[in-house]
Amino acid sequence: MGEAPAFRDPTTGELRQETMIINMGPQHPSTHGVLRLVLELDGETVIRCKPVIGYLHTGIEKNTEYRTWMQGVTYVTRADYLSPFFNELAYCLGVERLLGVEATERATLIRILVCELNRITSHLVWLATSGLELGAVSVMLYGFRERELIMEIFEAITGLRMNHAYIRIGGVVMDLPDEGPRTIRGLLDLLPGRIDEYETLLHDNPIWRERNEGVGVLAAEQALALGVTGPALRATGIDADLRKDIPYCGYDSFDFDVPVRTEGDAYARYVVRLAEMRESLKIARQALERIEDTPGPVMIDDPKVGWPPRLSVGPDGIGNDPDYLRHIMEESMEALIHHFKMVTQGVEVPAGEVYSAVESPRGELGYLIVSDGGHRPYRVKIRDPSFVNLQALPAMIEGYLVADTVASVASIDPVLGGVDR
Amino acid sequence: MNAEALAGRIGERVADVLVARGEVTAIVEREHLLETLAWLRDQPDVALDFLASVTASHWLEVDPAFWVDYELRSFRHKHRARVKVGLSEGDAHIPSVAPMFPTADWHERETFDFYGIVFDGHPDLTRILLPDDWEGYPLRKDQPLGGVPTWFRGATMPPVDERGMA
């Protein structure tokens, strides 16, 4: 770093040389949530950067310790709110491993389908917001337009646009709606063309390239030492993807590629994410085909684990199955007692400890789940990729211009709900 | 390497290694933590050179009261393992691994923030998610949970662990 430029103090008239410390955030439009960056500037150059986090801390990990295992799903889905299905999946896979059970095949395929669609929505939000930050406003409009189409599908499948709590221990809440596969197929046919459009807009766009190329560079060794995973790591030339490396949910039986670039800059991360959306479409298409060939229940057939036991949306729009209601209310006292115990206590999970990790849109999303053998988790630790990746920010921007900070933060794609949990 | 083979290989160095649910856990003494992690990182056939996560759990009325947990991953061999260190209640100190794995910086700050475990040699061991003036370590099991004041006159919502559910 060169010497700070000299300037004349307006009150005393003496010549001084010093740096300036400014706060970016906590509510700055380019910080992707409530993130505060304390920047020490020498003119336009960032000398030091210290991210300050915690503004969105809601104690999700502590809360899960005082709720049943099943209620845990509704908490963890709120951590990284742009990839709710991944949180639910990692949590449920962990609890299932503790229980020694596996979701049904159809449920696993539905999980893969919603997760890959979720990866696309998450990357679309990244594309839209970083486009907005770098002045590409039309990309923002297109990104949110396409995301809306997928959100509508999520709403049709799960009933909610976010925080779905759709993936549950032992399966998923309910099967796809009847018109689901047809709607999703329409979407899968539409999206490749739309991704081509983004590419046409951005790929050789001089402004986009100027703002992203050579910005926020991380070398592979740096990224590994700082614990970076996901697209930011794959942009440095390392083809690390948990879906290939340590497969879960049978990802090894799907045909897809892991896009990798070697430049390690913000532009490489953009290229990787765009390519990942195409790969996700490939996986979603395969999953959809298999779902249609795989009939069967979507919840494990084990009354001590499977919950909710049976749902069917009636004409009144309420999800209770009339046959099940008749069974517990009129036919069997034992069934009613069991129902009551499942609602108030939930599953009992054998004592033990597991670390269940999935490849979220931002990297390795890991859940360390500890059970003491009771009805509630003893400890749930969320290893959120945003939290870890954000740690690499100072390494990306120190020594570069303050304007590059915006592009660098955007290229990490942090979600502060996940960072702060 | 599959879990059993990996456990066998780590067992050459660490006495206490177990495999449960397909996951390898090595339990080491605090004094041997750094050298064990260096060994796991440097063996070409183990190569657990990526630290995914550091965290802890707290247990009442047992010793060790704290288990500090290091999740390791190998990109080269596509396997993972966990190293655990037990700490006593009045002696929650452990050497920082941040000099070896820079990523541990924030993980250790978070663990300090939640459990009050002190990582000796950490460059900047301050609170990270909670406010700087927060008192206590909220993820310890003996932290009072507090009640929620309600708008109904004279009523309070008891803490979640006293509501008699679950």
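To be clear, the structure that these remarks concern was listed above.
Residues numbered from 1 in each chain as written. Chains lettered and ligands numbered in written order. Predicted model: local features only at pLDDT ≥ 70, side-chain atom pairs only at ≥ 80, totals over all residues. Heavy atoms only, no water.

(A) Layout of the overall build of chain B. Along the backbone of chain B there are three helices and nine strands. Reading chain B from its N end, one meets helices and strands in the order α-β-β-α-β-β-β-β-α-β-β-β. Each of the three principal axes of chain B carries a C-alpha extent, and together these read 65 × 35 × 30 Å. Counting only residues that meet the buried cut, chain B has 48% of its 166 residues in that class. (Helix = DSSP H or I, 4+ residues; strand = E, 2+ residues; numbered from the N terminus. Buried < 20%, exposed > 50% of the residue type's maximum accessible area, 1.4 Å probe, protein only.)

(B) Summary view of the packing of helix H11 (residues 266-293) of chain A against helix H16 (residues 402-412) of chain A. Residues and elements named next belong to chain A. The contact between H11 and H16 brings their axes to 9 Å, and the two run at 30 degrees. Comparing the axis directions of H11 and H16 gives the class roughly parallel. You can see that H11 and H16 cross each other, and the crossing is left-handed. Every residue of H16 that contacts H11 at Ala266, Arg269 and Arg273 is listed here: Ala407, Ser411 and Ile412. Per-class residue counts for the contact of H11 with H16 are three nonpolar, one polar and two charged. (Axes fitted to C-alpha atoms, helices over the stretch in contact; angles between N-to-C directions. Parallel < 35°, antiparallel > 145°, perpendicular 65-115°, else oblique. Left-handed = near helix turned anticlockwise from the far one by under 90°. Contact = heavy atoms within 4.5 Å. Nonpolar A, V, L, I, M, F, W, Y, C, P; charged D, E, K, R; others polar.)

(C) Region of interest: the pattern of salt bridges. Residue and element names in this part refer to chain A. The tally for this structure, following the rule as stated, stands at 47 salt bridges over all chains. The shortest N-O distance in the salt bridge between Arg111 and Glu96 comes to 2.7 Å. Of the two residues, Arg111 is situated in helix H4 (residues 105-133) and Glu96 in helix H3 (residues 84-99); the sequence distance between them amounts to 15 residues. Across this residue pair, the class does not change: Arg111 and Glu96 are buried. (Salt bridge = Lys/Arg side-chain N within 4 Å of Asp/Glu carboxyl O.)

(D) Main features of the environment of Asp161 of chain B. Mapped onto the fold, Asp161 of chain B is located in the segment after strand S9 (156-157). Spatially, the C-alpha atoms of Asp161 of chain B and Pro144 of chain B are 9.6 Å apart, while their sequence positions differ by 17 residues. Not counting chain neighbours up to four residues away, the residues in contact with Asp161 of chain B comprise Tyr66 of chain A together with Leu145 of chain B.

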